[in-house]
Amino acid sequence: MAVTGLGEVDQKYDGKGIRVGIVHARWNKKIIDNLVLGAKNKLLEFGVMDSDIIIESVPGSYELPLATVTMFNKHNVDVVIPIGCLIKGSTMHFEYICDSVSHALMDLQFKIGKPVIFGVLTCLTEEQAEARAGLIPGVMHNHGEDWGACAVEMVVKFGG
Ligand SMILES: O=c1[nH]c(NC[C@H](O)[C@H](O)[C@H](O)CO)c([N+](=O)[O-])c(=O)[nH]1
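Calculation criteria
- Residues numbered from 1 in each chain as written.
- Predicted model: local features only at pLDDT ≥ 70, side-chain atom pairs only at ≥ 80, totals over all residues.
- Heavy atoms only, no water.
- Near = heavy atom within 4 Å.
- Polar contact = N/O pair within 3.5 Å; in protein donor to acceptor, adjacent residues only side chain to side chain.
- Areas by Shrake-Rupley, 256 points an atom, 1.4 Å probe, with all protein chains shown as cover.
- 1 Å grid on protein atoms, 1.4 Å probe; cavity = no way out; pocket = protein on both sides within 12 Å on 5 of 7 lines; lining within 4 Å.
- Sits in = over half its atoms within 2 Å of the grid points.
- Helix = DSSP H or I, 4+ residues; strand = E, 2+ residues; numbered from the N terminus.
- Nonpolar A, V, L, I, M, F, W, Y, C, P; charged D, E, K, R; others polar.
- Disulfide = S-S within 2.5 Å.
- Buried < 20%, exposed > 50% of the residue type's maximum accessible area, 1.4 Å probe, protein only.
- Pairing = 2+ DSSP bridges.
- Axes fitted to C-alpha atoms, helices over the stretch in contact; angles between N-to-C directions.
- Contact = heavy atoms within 4.5 Å.
- Points joined across faces, edges and corners; volume = space filled by probe spheres on them.
- Core = buried A, V, L, I, M, F, W, Y, C linked by side-chain atoms within 4.5 Å.

**Quick look at the site of the ligand**
Piece 1. Neighbouring residues of the ligand: Ala 25, Trp 27, Asn 28, Gly 60, Ser 61, Tyr 62, Glu 63, Cys 85, Leu 86, Ile 87, His 93 and Ile 97.
Piece 2. In this structure, Glu 63 approaches the ligand through a side-chain N or O atom, which is 2.5 Å from an oxygen atom.
Piece 3. Here Cys 85 contributes a backbone N or O atom positioned 2.9 Å from a nitrogen atom of the ligand.
Piece 4. The protein chains hide 76% of the 460 Å² of surface that the ligand would expose on its own.
Piece 5. Using a 2 Å cut-off from the grid points, one finds that the ligand occupies the largest pocket.
Piece 6. Broken down by secondary-structure element, the contributors of at least two residues to the shell around the ligand are β3 (79-87) and α3 (93-112).
Piece 7. With three residues, the top contributor of residues to the shell around the ligand is β3.
Piece 8. Of the residues contributing to the shell around the ligand, the split by class is seven nonpolar, four polar and one charged.

Okay, here's the thing in structure tokens:
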């Protein structure tokens, strides 16, 4: 079952024995905490052992790519889920971080040969971010759950 894109996981893959790294930014804490919880709970639901989920934080989303490399090298994980929340401000800072971080995380997969799940919300408003973290009842769902399911599927199908 792949993640349908509507947030429903329509097939469950066996996560037993898979080691998963989660690196998360600390900006927008309320949103980040729920995204991380959603990803972790989905990993556990798919059979990943709690002891095989390694979580580290960084100051902001800009630090996620380097932390992702270190997570692979230091903790011998099969996949990393970098989690961040970027919210547009009044300057171009948002655009530059979104662009550099998304490209860096995409490129890392090919350099390392392992899956890097894109868990960075790039939102124009705080409300958009809250909805995608499952913090507004009845509006969207916690995208962290999608990322957890995606991580297991990618390792099962394409892991080294
Ligand atoms: O994770 C975020 N980092 C942000 N900035 C910090 C950045 O990621 C770095 O931590 C910082 O520039 C130091 O390198 C954000 N904004 O500036 O808006 C943001 O919305 N989210």
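**Description of the state of the cysteines**
Piece 1. Taken as a whole, this structure holds zero disulfides when the rule is applied.
Piece 2. In this structure Cys 123 is a free cysteine whose sulfur lies 5.5 Å from that of Cys 85, the closest cysteine sulfur available.
Piece 3. Using a relative accessible area of 2% as the deciding quantity, one classes Cys 123 as buried.
Piece 4. Summary of cysteine pairing: Cys 150 is not part of a disulfide, and the nearest cysteine sulfur, belonging to Cys 123, is at 18 Å.

**Looking at the sheet that holds β3**
Piece 1. Taken in spatial order, the four strands line up as β2-β1-β3-β4 in an open sheet, and their pairing is parallel. Bordering the open sheet on either side are β2 (53-58) and β4 (119-123), each of which pairs with just one other strand. Direction aside, the axes of adjacent strands within the sheet are offset by 15° on average.
Piece 2. Judged from the six bridges that link them, strand β1 (residues 20-25) and β2 form a sheet pairing that is parallel. Bridge pairing links Val 20 to Ile 53 in β2.
Piece 3. Here helix α5 (residues 143-158) sits on the sheet and contacts β3 and β4; the angle it forms with β3, its principal contact strand, is near 150°.

**Section: the layout of surface pockets**
Piece 1. When its volume is computed, the largest pocket comes out at roughly 260 Å³.
Piece 2. Every residue lining the largest pocket is counted, 15 residues in all, and those nearest its centre are Trp 27, Leu 86, Ile 87, His 93 and Ile 97.
Piece 3. Elements with a contribution of two residues or more to the lining of the largest pocket: β3 and α3.
Piece 4. Of the residues belonging to the lining of the largest pocket, the class tally is seven nonpolar, six polar and two charged.

**Digging into the nonpolar core**
Piece 1. In this structure, Ile 22, Leu 43, Ile 81, Ile 83 and Leu 121 are the most contacted members of the largest nonpolar core, which totals 27 residues.
Piece 2. Where this core is concerned, the elements lending two or more residues are β1, α1 (29-45), β3, β4 and α5.
Piece 3. Counting residues per element, this core draws most heavily on α1, which supplies six residues.
Piece 4. The contacts of Ile 22, once residues within four sequence positions are left out, are Val 36, Ala 39, Lys 40, Leu 43, Ile 53, Ile 54, Ile 55, Glu 56, Met 71, Ile 81 and Ile 83.
Piece 5. Val 58, Phe 72, Leu 86 and Val 120 belong to the second-largest nonpolar core, a separate cluster that totals 19 residues.

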